[in-house]
Each structure stands twice: as C-alpha cells, then as structure tokens.
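# Commentary on secondary and tertiary structure
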Amino acid sequence: MTDLARARVLGLLLLWPSAVLSADYDAEIAALAARPDVRAAMSWAAEREKENLPRLIELTEIPAPPFGEAARGRRFAEMLEGTGLRQVETDAVGNVLGYRPGTGGGGTLAVVAHLDTVFPADTDVRVRGPELDANGRRRWYAPGIGDDSRGLVLLLTLAESLEAAGIRTEADLLFVASVGEEGLGDLRGVKHLFREDGPRIDQMIAIDGGNDGRVLNQAIGSYRYRVRITGPGGHSWGAFGLANPAHALASGIHRFERSARTFVASPPRTTFNVGKIGGGTSVNAVPFESWAEVDMRSESRERLEGIDVLLRESFTDAVAGHNDRRSRGDALELQFEPIGRRPSGIVSADTPLIARAQAVSRYLGLEGELGSGSTDANVPIALGIPATTISRGGTGGGAHSLDEWWSDHQVVTGTHKALLLLLASAGLSD
Ligand SMILES: [Zn+2]
C-alpha cells in the first residue's frame, strides 16, 4: 500500500473506536508474519542470532567515546557492506549510512542505532563473560555492550535477513549508525541526518536499550547550560567589597531552585538539576569566575521554555542584586553558555508507526506500554516525523556504568520485533 492509500485508510479508521484500529493492525501484523518470505526472514534472523556474538564483541571492543566514533564507524561500515547493501557511505559528521532501495511509493524508512558510548577513550572496553546469573542466563560484561553495540549488531542482522529472504520493500530503507547520541554529543549525528538538505526520511525506528516491550512515542527534551559569572576578582581582605561571583552563583541557584520547584509541581513532568559547580582559585581570593552546569528536562516544549525563562530570571536578578550591593570594582557579568539542546515532542498513539509497534508487541506476546525517553528519535519527533525507539534485543543492565552487561536471553524476540515493525512500516511488494 502506498503512503497515500495508507493515509486514506487511516483517515477512515481514525473515525472508528480505537479498539477497531488496534484490531486492524493486529490483523495486518498476523498476515505479514504468515507470509512465506517473512517467515523465511524471521527464521534466518533467528539462526543468525546464534552466530552474532563475535561481532558484538568486536564492535564493543573498539572504543567509541563522544566525538571519537571514527574507528568503530569504519569497522561498522565494512560490516554493513558485507550485508549486501549496495551503497554504504560515511557522512560529514561520521554517521555511517547504508541504502537499500525499495520498489517505490513507500517513502524512506530509516533504522538507526548509535555508534558512540558515554565512556572516555581510555576506558577498558574488553568484554568479559559469559557469566551465569541466578537464573542460569548468560551475561557478557563491557561498557557499551548493550548501549548500543548490540543495536548495531541488530541493524546488521536486519539488513542480512531481508537480503537472505529476498524481500523487497516498497519504502527505501536507510540503515544508519549515528554518532553523538550520548551526553554532550547532543544528538549531533541525527541532527545532521535531519538537516534541511539531508536525505528525505518519512519514518524512523531507533534501536537502543530498554526491554522488548518498549515502544517510545514521547521524546523528553532537555536544555543544558553552563551558567558563568565573571568579575574582577581580588584579595579576600584587601579587595573586600567586590561583587563575588561565587556568592552571586549561590544566590542564583537558590532563587532558581525556589521558583523552579513551584513550576514543576504541575504537569507535564519537568525536572531540573544543577549537576556541577566550580570556579575560584583560592580560599582567600574573591573568584574572577564561578560557574554551574544546569540540566532541565520536560516532556513538553512549552514547559522547557517556561523553566528556561525561570533560570535566566533567577540568575539575572541574583547578579543584579550583587552588583547593586558592591562597594567597589567592576560589575559582574553573566553568561548562559548552551551545552545541550534536545528537542521534545510526542507521536500520537494512532500514528501507524506507533500502532504497528504495539501490534507487533502483542503479536509476540510482549508486555509494554508507550513510553518516553531521550534518544535519537527526539529529533524527528520534534520535527513532526513519526519515529519510535525499540529495544536492541536480549536483556541488559548497568547502562552507562563500567558494569554494564547484556544477556542473549530470548534475544530473538527483540530481533523479530524490529524485523516485523520494519517490514510493516516499509510495506512489502508482492
Ligand atoms: Zn543508547
């Protein structure tokens, strides 16, 4: 079915009760999974999962710190070429892209996993295991193994399964290993992917963490700043009376905490955190600089804008107060240096991509509700492009810690979920 035909059908279905809508998608997924070519792809993927460990280990053991993903990207590009994709390239920021042309009429579906980890370059990323947990399940330990090396392996498995089963999709498929998903990477890879003159993408599936039932439809946005207050600085005795950046910073944090606490008491959920503070040179010197790093998050863009205003007002008032009270020296200056901006948004549960993801979960007997998170999907969601994030297959824990682990327990379920969602969303040619 073409996008347009789908839109028409959906338009009609939207007038019906949502139970009818989900029953319709349940029927669609059951029919899809019954096709011989799809069955072939599913069993091929299940077989491949038995052999996937070596390349999971290999990718995990190539360090990919923020802004240092190139080596892992190069190896992943080689692996992606080996899956039968004809066109594999690395873009200007380091994203690895692999194209699989469709038969037409289905737009472009992007499937994305991220290359980067949160760990610095000198972290020991050797994989340990398997060790058996209390239930006798095998676990492998290494920083980044589940988040998101395993996602990269799932991308490869998806591409190979389509090829092995000779499946042609209507939509063009774009497999992407993105850079800069984590922390200060600030989603730079996917932001670049969705730049104005970038490839046209109509839907996106991100593969990243979480349990098999995961269907993300809500993007938690965040604004992050380094708030910096600077002044002349001087001796604590001799220059007493100067406006003091540390005092002004503390008073700014106090004002912000007081007003933000009231602000976040009402929904949608919004949070704030002063995560780091610093500055100054000595206990007996008025600092010439003091700073704080602030993280604010919300499900809603309006709320983020609202708390952003409170942050600015609080520090502006605090600095003005300290400037008024000083008896000597130049005035303090205040700067808000942005160090992160992740857009927020929501995809309606009725959107085909989300409805299909949930239908696939039901088909596979998975439990899970719609959820929220901060992932590569934030960028398309904020642009109004349907996107979701689903699991990388298997189970895991300790993400972003040195004790991160991943288990291959029921890994095939997650793989099948990704495969069925990809096929349902991309449409199959007969
Ligand atoms: Zn991740």
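Residues numbered from 1 in each chain as written. Predicted model: local features only at pLDDT ≥ 70, side-chain atom pairs only at ≥ 80, totals over all residues. Heavy atoms only, no water.

### With respect to unusual backbone geometry
Under the convention used in this document: The helix and strand labels rest on DSSP assignments: H or I over at least four residues marks a helix, E over at least two residues marks a strand, and numbering proceeds from the N terminus.
In this model, Gly-129 is joined to Pro-130 through a cis peptide bond whose omega is 5°. With respect to the helices and strands, the residue Pro-130 is situated in strand S4 (residues 128-132). Cis geometry is adopted by the peptide bond preceding Pro-268, which originates at Pro-267 and carries an omega value of -5°. Along the polypeptide, Pro-268 turns up in the loop between helix H8 (245-263) and strand S11 (270-279). Phi angles above zero are rare outside glycine, and Asp-186 is one such case at about 55°.

### Overview of the coordination of the zinc ion
How we decide: Distances define the donors: N, O and S atoms within 2.8 Å of the metal qualify, as do those within 3.2 Å of Na, K or Ca. Water is excluded, so some sites may look unfinished. When four donors show all angles between 85 and 135 degrees the site is tetrahedral, when four or six donors have opposite pairs over 155 degrees and all other angles between 65 and 115 it is square planar or octahedral respectively, and in every other case it is irregular. Buried means the residue's accessible area, taken with a 1.4 Å probe over protein chains only, is under 20% of the maximum for its type, while exposed means over 50%, and partly exposed covers the values in between.
For the zinc ion, the full set of protein donor atoms is His-114 (NE2), Asp-147 (OD), Asp-208 (OD) and Asp-208 (OD), at a range of 1.9 to 2.6 Å. Considering all four donor atoms around the zinc ion, the spread of angles at the metal, 54 to 147°, places the coordination shape in the irregular class. On the primary sequence, the residues serving as donors to the zinc ion are separated as H-x32-D-x60-D. Linking His-114 in strand S3 (residues 108-114) with Asp-147 in helix H6 (residues 145-164), this pair joins segments that are 33 residues apart in sequence. Note on His-114: relative accessible area 1%, which makes it buried.

### Quick word on the nonpolar core
To keep things clear, this is the line we draw: In plain words, nonpolar cores are sets of buried Ala, Val, Leu, Ile, Met, Phe, Trp, Tyr and Cys residues tied together by side-chain atoms within 4.5 Å. When checking whether two residues touch, look at their non-hydrogen atoms; a contact exists if any pair is within 4.5 Å.
Of all hydrophobic cores here, the largest spans 81 residues; its most connected members are Phe-76, Leu-158, Phe-175, Leu-422 and Leu-423. Leave out the neighbours within four places in its chain, and Leu-158 touches Val-111, Phe-175, Ile-207, Thr-415, Ala-418, Leu-419 and Leu-422.

### Observations concerning the sheet that holds strand S1 (residues 87-90)
How we decide: Here the rule is simple: two strands pair whenever DSSP picks up at least two bridges between them. Axis definition: a line fit to C-alpha positions, over the contact stretch in the case of helices; interaxial angles, taken between N-to-C directions, run 0 to 180 degrees.
With mixed pairing, the six strands of this open sheet are ordered in space as S1-S2-S6-S3-S7-S17. Two strands in the sheet have a free side with no partner beyond their single neighbour: S1 and strand S17 (387-390). This sheet shows a mean twist of 20° between the axes of neighbouring strands, independent of strand direction. With seven bridges connecting them, S3 and strand S6 (residues 172-178) associate as parallel partners.

### Quick word on the pattern of salt bridges
Applicable threshold: A pair is scored as a salt bridge if a Lys or Arg side-chain nitrogen falls within 4 Å of a carboxyl oxygen belonging to Asp or Glu.
All told, the structure shown has 27 salt bridges when counted by the stated rule. Between Glu-160 and Arg-55 there is a salt bridge; the shortest N-O distance is 2.8 Å. With a gap of 105 residues between them, Glu-160 in helix H6 and Arg-55 in helix H4 (residues 53-60) connect regions that are remote in the sequence. Using a relative accessible area of 12% as the deciding quantity, one classes Glu-160 as buried. Its relative accessible area of 10% is what places Arg-55 among the buried residues.

### Details of the domain arrangement of the chain
Size of an interface, as often reported, equals the accessible area lost when the parts are brought together. What counts is decided by this rule: Residue ranges assigned to the domains are those given by an automatic or database domain assignment. As used here, buried area is the combined drop in accessible area, with a 1.4 Å probe, of two parts when they are placed together. Residues adjacent in sequence count toward polar contacts only when both atoms are side-chain atoms; beyond that, a polar contact is any pair of N or O atoms within 3.5 Å, and within protein one must be able to donate a hydrogen and the other to accept it. Classes in brief: Ala, Val, Leu, Ile, Met, Phe, Trp, Tyr, Cys and Pro nonpolar; Asp, Glu, Lys and Arg charged; the others, Gly included, polar.
When cut into domains, the chain gives domain 1 (3-219 + 345-426) and domain 2 (221-342). Each partner contributes to the interface: domain 1 provides 14 residues, whereas domain 2 provides nine residues. When the buried area of domain 1 at its contact with domain 2 is split by residue, Leu-184, Asp-186 and Ser-374 rank highest and sum to 43% of it. Inspection of the domain 1/domain 2 interface yields zero salt bridges. Where domain 1 touches domain 2, the interface holds five residue pairs in polar contact (both at pLDDT 80 or more). Broken down by class, the residue content of the side of domain 1 that touches domain 2 amounts to three nonpolar, seven polar and four charged.

### Comments concerning the packing of H4 against helix H5 (residues 70-81)
To describe two helices that pack against each other, one gives the angle between their axes and the distance between the axes. Let me state the cut-off plainly: Just so you know how the angles are binned, under 35 degrees is roughly parallel, over 145 roughly antiparallel, 65 to 115 roughly perpendicular, and the rest oblique.
At their nearest, the axes of H4 and H5 sit 10 Å apart, and the two run at 155° to each other. Looking at the two axes, H4 sits roughly antiparallel to H5. Residues Arg-55, Glu-58, Leu-59 and Thr-60 of H4 pack against Arg-72, Arg-75, Phe-76 and Met-79 of H5. For the contact of H4 with H5, a count of residues per class yields three nonpolar, one polar and four charged.

### A short note on H8
Our working rule: A helix is expected to span 1.5 Å multiplied by its residue count minus one. To be clear, the arc concerns the directions from the helix axis to the C-beta atoms.
In this model, H8 (19 residues) spans 26 Å end to end at C-alpha, consistent with the 27 Å of a helix rising 1.5 Å per residue. Taken together, the buried positions of H8 are Pro-245, Ala-248, Leu-249, Ser-251, Gly-252, Phe-256 and Ala-260. Viewed end-on, H8 has its buried residues packed into an arc of 165°, placing them on one side of the element. A side-chain oxygen of the first residue of H8 lies 2.8 Å from the backbone nitrogen of Ala-246; this N-cap is Asn-244.

### Comments concerning the packing of H4 against H6
Stated precisely, the cut-off is as follows: Note: crossing handedness is left-handed where the near helix turns anticlockwise from the far helix by less than a right angle, and right-handed where it turns clockwise.
Relative orientation of the contacting elements H4 and H6 amounts to 135°, with a least axis distance of 9 Å. The angle between the axes of H4 and H6 places the two elements in the oblique class. Crossing geometry of H4 relative to H6 is assigned as right-handed. Residue-level contacts link Arg-55, Leu-56, Leu-59 and Thr-60 of H4 to Ile-145, Ser-149, Arg-150, Leu-152, Val-153, Leu-156, Thr-157 and Glu-160 of H6.

### Points about the sheet that holds strand S14 (residues 333-342)
Within a sheet, neighbouring strands are paired by backbone hydrogen bonds and run either parallel or antiparallel to one another. Here four strands make up an open sheet; going across it, the order is S11-S13-S9-S14 and the pairing antiparallel. Strand pairing shows two members of the sheet lacking a second neighbour, S11 and S14, which therefore form its edges. Pairwise comparison of adjacent strand axes, ignoring direction, gives a mean angle of 15° for this sheet. In this sheet, strand S13 (residues 289-298) lies alongside strand S9 (residues 221-230) in antiparallel orientation, the contact comprising 10 bridges. Looking at the pairing, Thr-230 lines up with Glu-289 of S13. Relative to S13, H8 is tilted by about 15°, and along the sheet it contacts S9, S11 and S13. Packed on one face of the sheet, helix H9 (residues 301-325) meets S9, S11, S13 and S14 and runs near 10° to S9.

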